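Residue-level structure breakdown
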Amino acid sequence: MAWFKREHGELDTSGEKRVKTEGLWVKCDQCRQIIWKKDLDQNLHVCPKCQRHFRIDARTRLAYLLDDGKYETTDGNIVSTDPLKFTDLKPYADRLQRSRRDTGLNDAVINARGTLNGKPVIVSAMEYTFIGGSMGAVVGEMITRAIEKATAEKVPLIVVSASGGARMMEGVVSLMQMAKISAALARMDDAKVPYISVMTDPTTGGVTASFAMLGDLNIAEPGALIGFAGPRVIEQTIRQKLPEGFQRSEFLLQHGMLDAVVHRRDMKTYIARALGFMQVPSLLA
């Protein structure tokens, strides 16, 4: 190996050590600007130039929403049994193992208890990097348990969706979670406990077709892709060009499918104000 490519750092021909900048800059896919990563982090992972909302993981989401970033997780010990022993390019069991290793989670959602502007809440935050945030038996069970706890304790529920939809590797077991969660939400509605659905980029498939659109208040982050089938699938099916911005949160708000589009920096305040409007203190008394 050449002397300027030694293990302890690559040197240029002048003998000065090069400064490694990998990971210090991020390119925005929308405005194509290069952003100093520290600036992006301080701006809640929102592009300071075009306001594009970058995807964030479930733990970061909880830290942004809950007071002092503190919360207690529940139901995290549930794991998938791989009911179909599914294999495509690789066994489903291997995909689960890798996702667990990469995310430190057992599946694509975190159930958490905490306070939001001093009000006790239960939050289910989905993790998109775990097999595309897909909803299998574990995700369905965890969200159902969160709903049932919120109903029993009369504590408001917030579900933050980030998902590609139902998990195909679990077949009908995954699809039945749509009805299971929806039935639990119906009981929650009968008990008059508030449920706020927050949709982020992306929220698609069976998640959109069930709990994501069943909130007492359905809100989304700017620019989020929200729909059942993807726009490319729709275009190929109807053989027509879709309108500009189709299935983005602003388009859905304009056509009456959302109650509000809320910037990430305003999300916590907006939800707290909404819960106050729903007379949460009287429910907790």
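Look above for the structure.
Residues numbered from 1 in each chain as written. Predicted model: local features only at pLDDT ≥ 70, side-chain atom pairs only at ≥ 80, totals over all residues. Heavy atoms only, no water.

Bringing the side chain of Glu 221 into the picture now. Here Glu 221 lies in the loop between strand S8 (217-220) and strand S9 (226-227). For Glu 221, the side chain forms a polar contact with the side chain of Arg 61, separated by 2.5 Å. Setting aside its immediate chain neighbours within four residues, Glu 221 contacts His 53, Arg 61, Met 199, Thr 200, Ser 249, Val 261, Val 262, Arg 264 and Met 267. (Helix = DSSP H or I, 4+ residues; strand = E, 2+ residues; numbered from the N terminus. Polar contact = N/O pair within 3.5 Å; in protein donor to acceptor, adjacent residues only side chain to side chain. Contact = heavy atoms within 4.5 Å.)

Below, the discussion takes up the packing of helix H4 (residues 137-153) against helix H5 (residues 171-190). At a closest axis distance of 9 Å, the pairing of H4 and H5 adopts a crossing angle of 5 degrees. On the basis of the axis angle, H4 is roughly parallel to H5. Contact with H4, carried on its side by Ala 137, Gly 140, Glu 141, Ile 143, Thr 144, Ile 147, Glu 148, Ala 150 and Thr 151, involves Val 173, Gln 177, Lys 180, Ile 181, Ala 184, Leu 185, Arg 187 and Met 188 of H5 and no other residues of that element. Partitioned by chemical class, the residues of the contact of H4 with H5 number 9 nonpolar, 4 polar and 4 charged. (Axes fitted to C-alpha atoms, helices over the stretch in contact; angles between N-to-C directions. Parallel < 35°, antiparallel > 145°, perpendicular 65-115°, else oblique. Nonpolar A, V, L, I, M, F, W, Y, C, P; charged D, E, K, R; others polar.)

Before going further, it helps to spend a moment on the packing of aromatic side chains. In total, this model carries 2 aromatic pairs according to the counting rule given. Ring geometry for Trp 25 versus Trp 36: centroids 4.8 Å apart, planes at 70 degrees, classification edge-to-face. With Trp 25 in strand S1 (residues 25-27) and Trp 36 in strand S2 (residues 34-36), the pair connects residues that are 11 residues apart, well separated along the chain. Its guanidinium or amino end placed over the ring of Phe 54, Arg 52 lies 4.5 Å from that ring's centre, counting from NZ or CZ. A cation sits over an aromatic face here: Arg 55 above Tyr 128, 4.7 Å from the ring centre. (Phe/Tyr/Trp six-rings, centres within 6.5 Å; stacked < 30°, edge-to-face > 60°. Lys NZ or Arg CZ within 6 Å of the ring centre and 35° of its normal.)

Of all the 8 residues making up strand S4 (residues 109-116), 6 are buried; the element is thus mostly covered by neighbouring parts of the structure. Looking at chain direction, S4 and strand S5 (residues 119-126) are connected through 8 bridges and run antiparallel. By the bridge assignment for S5, Gly 114 is matched with Val 121. Linking S4 to S5, which pair antiparallel, is a turn of 2 residues; within it Asn 117 sits at a positive phi near 50 degrees. (Buried < 20%, exposed > 50% of the residue type's maximum accessible area, 1.4 Å probe, protein only. Pairing = 2+ DSSP bridges.)

Counted at 1.5 Å a residue, the expected span for H5 with its 20 residues is 28 Å, and the 30 Å between its end C-alpha atoms agrees. Among the residues of H5, Ser 174, Gln 177, Ile 181, Ala 184, Leu 185 and Met 188 are the ones counted as buried. In this structure, the buried residues of H5 make contact with H4, strand S6 (157-163) and strand S7 (195-204). Among the residues trailing H5, Lys 192 stands out with phi positive, at a value near 60 degrees. (Expected span 1.5 Å × (residues − 1).)

The next subject is the pattern of salt bridges. With the rule as written, the count across this model stands at 19 salt bridges. Measuring nitrogen to oxygen at the nearest pair gives 3.2 Å for the salt bridge that ties Asp 201 to Arg 55. In this pair, Asp 201 sits in strand S7 while Arg 55 sits in the loop between helix H1 (37-42) and helix H2 (58-65), placing the two residues 146 residues apart along the sequence. Overlapping salt bridges bring together Asp 75, Glu 141, Arg 145, Lys 149 and Lys 180 as one network. (Salt bridge = Lys/Arg side-chain N within 4 Å of Asp/Glu carboxyl O.)

With the exception of glycine, most residues fall at negative phi, and the peptide bonds are largely trans. With an omega dihedral of -10 degrees, the bond running from Asp 201 to Pro 202 counts as a cis peptide bond. Tracing the sequence through the fold places Pro 202 in strand S7. Phi at Asn 117 is positive, roughly 50 degrees, even though this residue is not glycine. When you line up the elements, Asn 117 lands in the loop between S4 and S5. For Asn 117, a relative accessible area of 45% puts it in the partly exposed group. Positive phi, normally seen in glycine, also occurs at Lys 192, with a value near 60 degrees.

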